[in-house]
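Fold and contact review
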Amino acid sequence: MAGFAPTAPPAMPISLYNSLSRRLEPFAPLDPNRVTLYLCGPTVYNYVHIGNARGPVVFDVLVKLLRRHYPQVVYARNITDVDDKINAAALEQGVAIGSITSRFAQAYREDMAGLGIAPPDVEPHATAHIGQIIEMIQALIRGGHAYEAQGHVLFDVAAYPTYGALSGRDTDELIAGARVEVAPYKRNPTDFVLWKPSTPELPGWDSPWGRGRPGWHIECSAMSAAHLGETIDIHAGGVDLLFPHHENEIAQSTCAHGGKVFARWWMHNGMLTFDGRKMSKSLGNVLHVHALLKMHPHEALRLLLLRGHYRQPLDWSDAAIAQAISTLDGWYRVLRELSGIELDGTQPLPVPERLEAALCDDLNTPQALAELSVLADAARQAPSPATKAALLGGGAVLGLLQQDPEAWFKQAGGSEVDAGQVEALLEERRAARAARDFARADAIRNELTSMGVVIEDGAQGTRWSVAKH
Ligand SMILES: [Zn+2]
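In this numbering scheme, every chain counts its residues from 1 along its sequence in written order. Residues qualify for local features only when their pLDDT is at least 70, as the model is predicted, and side-chain atom pairs are given and counted only at 80 or more; totals for whole chains, interfaces and linings, by contrast, use all residues. Remark: hydrogens and water are excluded; side-chain values derive from all non-hydrogen atoms of the structure.

**Section: the pairing of strand 4 (residues 72-77)**
Three labels apply to residues, based on accessible area from a 1.4 Å probe with only protein chains included: buried if under 20% of the type maximum, exposed if over 50%, partly exposed otherwise in between. Here a helix means four or more residues in a row that DSSP labels H or I, a strand means two or more in a row labelled E, and each is numbered from the N terminus. Within strand 4, 5 of the 6 residues are buried, which leaves it mostly tucked inside the rest of the structure. Both strand 3 (residues 34-39) and strand 4 contribute to a ladder of 6 bridges, which runs parallel. Along strand 4, the bridge assignment pairs Arg 34 with Gln 72. Looking down the strands as they point away from the viewer, one classifies a crossover as right-handed if the path from the first strand across the helix to the second runs clockwise. Following the chain from strand 3 across helix 1 (residues 54-69) to the adjacent parallel strand 4, one finds a crossover that is right-handed. For two strands to count as paired, DSSP must find a minimum of two bridges between them.

Structure (structure tokens):
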């Protein structure tokens, strides 16, 4: 059922909230045939936590929506593979940074795939773009927007009067009120690093300013220009990146490209909280995607991340996971009831119009999920190929209901129980009941319960499923 893609819906306008204008705006790409989107990716030195997966899941739904509406979408999600945190981990473990970054970049790809996220079209790595980064810094120096000091190159915030437009901060106030580290090589405390010197034990590249490495912000500006062009349609990321990272990206790209608009839309997803608290190592509530995927069905994790509107904060809790599983149980129960209804596999699944309209309205996934529930009710009340196809088509748009219903009910957490063993015990129970040995039949039922298997005796025989929480 996951094999065929949903059909394109009738032309429907898309509106997206733009963090730069602070308004909902009708979306139209610069080139009507090609949408460009850049999402700030991970710094790869450890497994990512579930908070880091919210943006990739949300923007996966957005990219799929855009692909249904436009002939081409170029989606770039970068890998930051040089960074002081990576350097520290490499020094501590006595290995080259590449052995850490290649391992965790791969773990990241696996985690994202595990959540049903399609890979980006381009996955630029910072260390593969050092040449472009150096050229961009040179352009900034030539234009009077950056200066060299003691082996560092810094962006001169005072020379860019519109600095602060995205975050709504006033540059003069920023400079006056800045309490950030006062480095002797900075003209103003708000000036930020484009290039910094590397000591011999640190990774470094030759540059006009000596051996060194790039600052973090310039990496995204250079990779975005290299793969998507100087002006892109959408730049996305978590709201925690809005300042200073995205503010600095705008300053660098705009100044390096002669004042051209850098990103036409800025989209930011809200943060996850955990039982109402921020996730932190000291609170011991860091949840890695890697581990969660082993504990819960991936569609439940995905559903939870889509349950709130992407711009709002979202709370993660065991109760919320249980609720997501129970919602999916309900929808899969409908699909199991409809398992006798065959669909024409040569026809693409339809995109239900009301669900699509919800997504076109600033990616309103809570509304889209409510529409999916309506479709499930309709399919249960009036089973037919059309109602079944609508439910599956709506699920596909959100990356849900992609499993065979029997497989869904037979999985425990992220893994499956031994179905052969369950079937053998059920057969033994049938035989015991036929022989009126009810004590033995009850003992088998208890054994199944202890395995987390729930059985239901009905007119069509005994059905079983696995309790997932
Ligand atoms: Zn970035």
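**Side note on the nonpolar core**
For the purposes of this section, nonpolar cores are sets of buried Ala, Val, Leu, Ile, Met, Phe, Trp, Tyr and Cys residues that join through side-chain atoms within 4.5 Å. Within the largest apolar cluster, 129 residues are counted, with the highest numbers of intra-cluster contacts made by Leu 62, Leu 66, Trp 316 and Leu 398. In terms of residues, this core owes the most to one element, helix 10 (residues 318-337), which gives 9 residues. Only heavy atoms matter for contacts: two residues are in contact if any of them lie within 4.5 Å across the pair. Apart from the residues within four sequence positions on either side, Trp 316 is in contact with Ile 50, Leu 272, Thr 273, Phe 274, Asp 275, Leu 287, Leu 292, Leu 301, Leu 304, Leu 305 and Ile 321. Core analysis: the second largest hydrophobic core is formed by 10 residues, Ile 444, Leu 448, Ile 455 and Val 466 among them.

**Considering the sheet that holds strand 6 (residues 152-155)**
Here we have 4 strands laid out as an open sheet, ordered 5-6-7-8, and antiparallel in their pairing. Each having just a single partner strand, strand 5 (146-149) and strand 8 (212-214) make up the two edges of the open sheet. Taken over all neighbouring pairs, the strand axes of this sheet differ in orientation by 20° on average, direction set aside. In the sheet, strand 6 pairs with strand 7 (residues 192-197) via 3 bridges, with the strands oriented antiparallel. Bridged to Leu 154 within strand 7 is Val 193. In the packing of helix 4 (residues 130-142) onto the sheet, the strands contacted are strand 5, strand 6, strand 7 and strand 8, and the crossing angle to strand 7 comes to about 120°. Orientation is described by lines fitted to C-alpha atoms, with helices fitted over the stretch in contact, and by angles between N-to-C directions that extend from 0 to 180 degrees.

**Digging into the coordination of the zinc ion**
Donor selection uses N, O and S atoms within 2.8 Å of the metal (3.2 Å for Na, K and Ca). Since no water is included, sites may look incomplete. Every protein donor of the zinc ion is listed here as Cys 40 (SG), Cys 220 (SG), His 245 (NE2) and Glu 249 (OE), and their distances to the metal cover 2.1 to 2.6 Å. Because the angles between the 4 donor atoms bound to the zinc ion fall within 71 to 129°, the donor set is best described as irregular. For the zinc ion, the donor residues sit on a single chain with the sequence spacing C-x179-C-x24-H-x3-E. Placement of the pair is Cys 220 in helix 6 (residues 216-228) and His 245 in helix 7 (residues 242-256), with a sequence separation of 25 residues. The pair Cys 220 / His 245 is uniform in exposure class, with both members buried. Four donors are marked tetrahedral only if all angles between them lie between 85 and 135 degrees, whereas four are marked square planar and six octahedral if opposite donors are more than 155 degrees apart and the other angles lie between 65 and 115; the remainder are marked irregular.

**What to know about the environment of Leu 314**
Summarising the element assignment, Leu 314 is placed in strand 12 (residues 314-316). Leu 314 sits in the buried class, given a relative accessible area of 9%. Counting along the chain gives 260 residues from Leu 314 to Arg 54, while the straight-line C-alpha distance between them is 9.4 Å.

**What to know about the sheet that holds strand 4**
Taken together, 4 strands build an open sheet; the order of strands is 4-3-9-10 and the sheet is parallel. Looking at strand neighbours, the two that pair on one side only are strand 4 and strand 10 (263-269), the edges of this open sheet. Taken pair by pair, the neighbouring strands of this sheet meet at an average axis angle of 20°, ignoring direction. Bridging between strand 9 (residues 232-238) and strand 10 involves 6 bridges; their strand directions are parallel.

**Concerning the packing of aromatic side chains**
Between the rings of Phe, Tyr and Trp (Trp by its six-membered ring), a pair exists once the centres lie within 6.5 Å; its type follows the angle of the planes, with under 30 degrees stacked, over 60 edge-to-face, and the other angles tilted. Throughout the structure, instances matching the rule amount to 10 aromatic pairs. Between Phe 27 and Trp 265, the ring centres sit 4.9 Å apart and the planes meet at 65°, which makes this aromatic pair edge-to-face. In this pair, Phe 27 sits in the loop between strand 2 (23-26) and strand 3 while Trp 265 sits in strand 10, placing the two residues 238 residues apart along the sequence. Centre to centre, the rings of Tyr 47 and Phe 104 are 5.3 Å apart; their planes meet at 90°, and the pair counts as edge-to-face. Linking Tyr 47 in the loop between strand 3 and helix 1 with Phe 104 in helix 3 (residues 97-114), this pair joins segments that are 57 residues apart in sequence. For Phe 104, a relative accessible area of 9% gives the class buried. Among the aromatic residues, ring-to-ring pairing joins Phe 155, Tyr 160, Tyr 163 and Phe 192 into one connected group. Of note, Arg 169 hangs over the ring of Phe 243, and the distance from its end group to the ring centre comes to 3.8 Å. Positioned above the aromatic ring of Phe 409, the side-chain terminus of Arg 336 is 4.2 Å from the ring centre. Throughout this description, the term charge over a ring refers to an Arg CZ or Lys NZ atom that lies within 6 Å of the ring centre and within 35 degrees of the ring normal.

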